[in-house]
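These are the residues of each chain, in order.
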Amino acid sequence: MVSRVIPVEDFDLVIFGGTGDLARRKILPGLYRRYRSGQMPEGARIIGAARQDQDSAVYRKLIGAAIKEFVPEKYRDSKSIAGFLELISYIVIDAQGAGGWSDLKKLTRKDVVKAFYFSVAPSLFGDLAERLHTYKIADSQSRIVVEKPFGRDLASAKALNAVLAEHFDESQIYRIDHYLGKETVQNLMAVRFGNILFEPLWNSQYVDHIQITAAETVAVGSRGAYYDKSGAMRDMVQNHLMQLLCLIAMEPPNEFEPDAVRDEKLKVIRALDPVNSSDIVRGRYEANKDGPSYLEESGNPDSSTESFIAMKVNISNWRWKGTPIYLRTGKRLRARTSEIAVVFKDPPHSIFGKQEGRRGNVLAIRLQPNEGMTLRVTIKEPGPGGMRLMEVPLDMSFADALGADAEDTPDAYERLIMDVIRGNQTLFMRGDEVEAAWAWTDPIINEWQERGDMPKSYDSGSSGPEDALMLLHKDGRRWREIKE
Ligand code: NDP
Ligand code: BG6
């Protein structure tokens, strides 16, 4: 296997919110793994920034502890950890005040890539952008990385885009959707556009429907305050599931370049039909022996927020008219599994006569866990006794096929941060994409609010509310099982 890793230039990466949960859990452990695998240039520097008054030595201890907590033991060795921590320093800074900014100006170097990760509350994005400009810390080549949620509706997303655009060009803004950094999500594009097999069948003539599932076993836990203002629609559908839908449904871009890909994704979002309320099922989990109910965890007894959503989406374009896409995501479900399943139509005529229980071809692309692909094909049942058909999976686990340990696959964050340094925006959302996604989502949420819609209860550890099953049953279809 020939492996080609694009080298990374020397860089200064400033992580605003460098003491926060995301920085400790994802960003810095991800950077450590890159360092350990020898893919970080010698001239890399990482600067944590937050208000907490501490020096670099104390900050390094914090990050050392985060690596211990969040990086699997087999990837931790004291030499690599010590070497990585040497790249790190800390600066006390207030996003809304004057303190620290002149020092940051002195600390950052000229002639290297400068990236600024906004790992703080979105309400501070404007303050950070303005100060980076006012103190002349950022230049026309610098990049900013912004986290989700990118707005909570179209108006707030537009306002956020406008604030960032005052100081940064779109080519400098990297809006993170970590699903785009997952290995299999990129593989989806390789499978679609790197093989002749699938693309000719990739349309409503041959595809009966598509299912996109992102099921979680975790509850909202300590994130209740945030989650209750968001819900599954804003937290997962508007961004992660929408991105998956775009990649599965878009036209082939003419090249694998940021704007070519993002133009095609945008066309898909703009072609989405409004969704009928009868094609949406919202749910929220009940308590069981393993944990409290959504209502208890959210801390809001009057909550009308959903922790589960299933919906049927139609795309009005030549390729997909008549082929629905079913989306489903929720917390506290039976298993943690994310997959995209393309369910093909039956052949136009069966030369074998009527065969009970035949289910046709399905291409299932598993995002997690155990990333891989399965193609369900029909064969003859072995043995004598006539021509009976059966289905078997052509199964490919990427880890098995590539001889890799699943844990060796780079985490979405480490891949995406390195793409920022390389200046590659392909796996980041453009401002107009985010706005279009909200423009589609807003009327759905507004209608729930106007109707006073309440989510249906579902048992923790189940596949969601019963009504979600009906969503497909009424179309003569059924969901794939949620299982690891
Ligand atoms: P935390 O609350 O854990 O951390 C916030 C960070 O911001 C802290 O380092 C805090 O340090 C710093 N901060 C707060 N106010 C200021 C200020 N005025 N000036 C400078 N620094 C400040 O948040 P998370 O790490 O969880 O989240 C960060 C961002 O990432 C948010 O936008 C969130 O929505 C997003 N996100 C988080 C995920 C996660 O899993 N945690 C997942 C996806 C997105 P101090 O108080 O010392 O200043
Ligand atoms: C985040 C959501 O963006 O994605 C969380 O805010 C969710 O609620 C998480 O749990 C799921 O990510 P993953 O990578 O675990 O599927």
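Given the structure is predicted, the values throughout are model-derived calculations rather than measurements.

Thresholds applied
Residues numbered from 1 in each chain as written. Chains lettered and ligands numbered in written order. Predicted model: local features only at pLDDT ≥ 70, side-chain atom pairs only at ≥ 80, totals over all residues. Heavy atoms only, no water. Helix = DSSP H or I, 4+ residues; strand = E, 2+ residues; numbered from the N terminus. Rg over C-alpha atoms; globule rule 2.2 N^0.38 Å. Buried < 20%, exposed > 50% of the residue type's maximum accessible area, 1.4 Å probe, protein only. Contact = heavy atoms within 4.5 Å. Lys, Arg positive; Asp, Glu negative; His and termini not counted. Charge placed at Lys NZ, Arg CZ, Asp CG, Glu CD. Patch = residues over 30% accessible without salt bridge, like charges linked within 9 Å, V, L, I, M, F, W, Y side chains within 5 Å. Areas by Shrake-Rupley, 256 points an atom, 1.4 Å probe, with all protein chains shown as cover. Salt bridge = Lys/Arg side-chain N within 4 Å of Asp/Glu carboxyl O. Core = buried A, V, L, I, M, F, W, Y, C linked by side-chain atoms within 4.5 Å. Domains from an automatic or database assignment. Near = heavy atom within 4 Å. Polar contact = N/O pair within 3.5 Å; in protein donor to acceptor, adjacent residues only side chain to side chain. Pairing = 2+ DSSP bridges. Axes fitted to C-alpha atoms, helices over the stretch in contact; angles between N-to-C directions. Expected span 1.5 Å × (residues − 1). Arc of directions from axis to C-beta. UniProt positions renumbered as here; feature names shortened; annotations may be inferred. Parallel < 35°, antiparallel > 145°, perpendicular 65-115°, else oblique. Left-handed = near helix turned anticlockwise from the far one by under 90°. Nonpolar A, V, L, I, M, F, W, Y, C, P; charged D, E, K, R; others polar. Right-handed = clockwise from strand over helix to strand, strands pointing away.

Caption draft 1: How the structure looks around the overall build of the protein. A tally of helices and strands in the protein yields 15 helices and 15 strands. Against the compact-globule benchmark of 23 Å for 484 residues, the protein has a radius of gyration of 24 Å, which places it among compact chains. Projected onto the principal axes, the alpha-carbon positions of the protein cover approximately 80 × 55 × 45 Å. Taken over 484 residues, the protein has a buried fraction of 53%. When contacts within the protein are restricted to residue pairs at least 6 apart in sequence, long-range pairs at least 24 apart make up 77% of them. One way to put it: in the protein the 65 positive side-chain charges average out to a point 2 Å from where the 70 negative ones average out.

Caption draft 2: Region of the structure containing a negative patch on the surface. Side chains of Glu286, Glu296, Asp459 and Glu466 sit close together on the surface and give a patch of like negative charge. Considering the arrangement of structural elements, one finds glutamate 296 in helix α11 (residues 294-298).

Caption draft 3: Layout of the environment of lysine 331. Turning to its location among the elements, lysine 331 is positioned in the loop between β10 (325-330) and β11 (337-344). Residue lysine 331 is classed as buried on the basis of its relative accessible area, which comes to 5%. Along the primary structure lysine 331 and leucine 367 are separated by 36 residues, whereas in three dimensions their C-alpha atoms are 17 Å apart. Ignoring any residue separated from it by four or fewer positions in sequence, one finds lysine 331 in contact with Glu216, Val218, Ala219, Val220, Arg223, Tyr227, Asp235, Tyr285, Ser307 and Tyr458.

Caption draft 4: View of helix α13 (residues 412-422). The element α13 is largely enclosed, with a buried count of 10 among its 11 residues. Among all positions of α13, only Ala412, Tyr413, Glu414, Arg415, Leu416, Ile417, Met418, Asp419, Val420 and Ile421 are buried. Here the buried face of α13 lies against β1 (11-16), α1 (21-36), β4 (113-118), β5 (143-146), β6 (173-175) and α7 (183-194).

Caption draft 5: Quick peek at the nonpolar core. Among the nonpolar cores identified, the biggest contains 139 residues, and Phe16, Leu31, Phe84, Phe118 and Met311 are the most heavily contacted of them. Looking at this core element by element, the count peaks at 12 residues for helix α9 (residues 231-249). Shared between two domains, this core holds at least three residues of each, these being domain 1 (11-147) and domain 2 (180-410 + 430-474). Those residues in contact with phenylalanine 84, other than ones at most four positions away along the chain, are Leu28, Leu31, Tyr32, Tyr35, Ile46, Ile63 and Ile67.

Caption draft 6: Focus on the site of ligand 2. Around ligand 2 lies a shell formed by Lys148, His178, Tyr179, Lys182, Glu216, Arg223, Asp235, Met236, His240, Lys331, Arg336 and Gln368. Here an oxygen atom of ligand 2 sits 2.7 Å away from a polar atom, N or O, in the side chain of glutamine 368. It is α9 that contributes the most residues to the shell around ligand 2, three residues altogether.

Caption draft 7: Highlighting the sheet that holds strand β15 (residues 456-458). Taken in spatial order, the nine strands line up as β14-β13-β12-β11-β7-β10-β9-β8-β15 in an open sheet, and their pairing is mixed. Because the sheet does not close on itself, it has two edges, and the strands there are β14 (389-397) and β15. Taking each pair of neighbouring strands and ignoring which way they run, the sheet shows an average axis angle of 20°. In the sheet, strand β9 (residues 308-313) pairs with β10 via six bridges, with the strands oriented antiparallel. Bridge pairing in β10 places isoleucine 309 opposite threonine 329. On top of the sheet, α7 reaches β11, β12 (362-368) and β13 (372-380); it is set at about 150° to β12, its chief contact.

Caption draft 8: Layout of helix α2 (residues 56-70). Taking 1.5 Å as the rise per residue, α2 with 15 residues should run 21 Å; its terminal C-alpha atoms sit 21 Å apart, in good agreement. Among all positions in α2, only Ser56, Tyr59, Ile63, Gly64, Ala66 and Ile67 are buried. Relative to the axis of α2, the buried residues are bounded by an arc of 160° and lie together on one face. Exposed residues on α2 whose side chains face more than 90 degrees from its buried face are Lys61, Lys68 and Glu69. The opening residue of α2 is aspartate 55, an N-cap whose side-chain oxygen sits 3.2 Å from the backbone nitrogen of alanine 57.

Caption draft 9: Structural context of the site of ligand 1. Lining the immediate environment of ligand 1, one finds 20 residues, of which Thr19, Asp21, Arg25, Ala95 and Val120 sit closest. Between ligand 1 and glutamine 52, the relevant distance is 3.0 Å, taken from an oxygen atom to a main-chain nitrogen or oxygen of the residue. One nitrogen or oxygen atom from the main chain of lysine 148 is found 3.0 Å from an oxygen atom belonging to ligand 1. When the free accessible area of ligand 1 is taken as 890 Å², the share hidden by the protein chains comes to 73%. The biggest single contributor to the shell around ligand 1 is α1, with three residues.

Caption draft 10: Spatial organisation of the UniProt feature "active site" (unreviewed entry) in the protein. In the UniProt entry, the feature "active site" (unreviewed entry) is given for His240. One can find histidine 240 in helix α9. If we ignore the near neighbours within four places in the chain, the residues touching histidine 240 are Lys148, Asp177, His178, Tyr179 and Asp235. Within the structure, histidine 240 has its side chain in polar contact with the side chain of aspartate 177 (distance 2.7 Å).

Caption draft 11: Here's a closer look at the packing of helix α6 (residues 154-165) against helix α14 (residues 431-451). One can describe the packing of α6 onto α14 by two numbers: an axis separation of 8 Å at closest approach and a directional angle of 165°. Between α6 and α14, the angle is such that the two are roughly antiparallel. As α6 packs across α14, the resulting crossing turns out to be left-handed. Listed contacts from α14 to Leu154, Ala157, Lys158 and Asn161 of α6 are Gly431, Val434, Glu435, Trp438, Ala439 and Asp442. For the contact of α6 with α14, a count of residues per class yields five nonpolar, two polar and three charged.

Caption draft 12: Structural context of the domain arrangement of the protein. The domain architecture assigned to the protein consists of domain 1 (11-147) and domain 2 (180-410 + 430-474). Between the C-alpha centres of domain 1 and domain 2 there is a distance of 34 Å.

Caption draft 13: How the structure looks around the pairing of β5. What you see with β5 is no split at all: Arg143 and Val145 on one side and Ile144 and Val146 on the other are buried throughout. Here β4 runs beside β5; their pairing, made up of four bridges, is parallel. Among the inter-strand pairings, alanine 115 is bridged to a residue of β5, identified as arginine 143. With helix α5 (residues 125-134) bridging β4 and the parallel β5, this β-α-β connection has right-handed handedness. As judged from the three bridges shared by β5 and β6, these two strands associate in the parallel manner. Paired with isoleucine 144 across the strands is isoleucine 173, a residue of β6. Regarding the hand of the β-α-β motif, the stretch spanning β5, α6 and β6 is right-handed.

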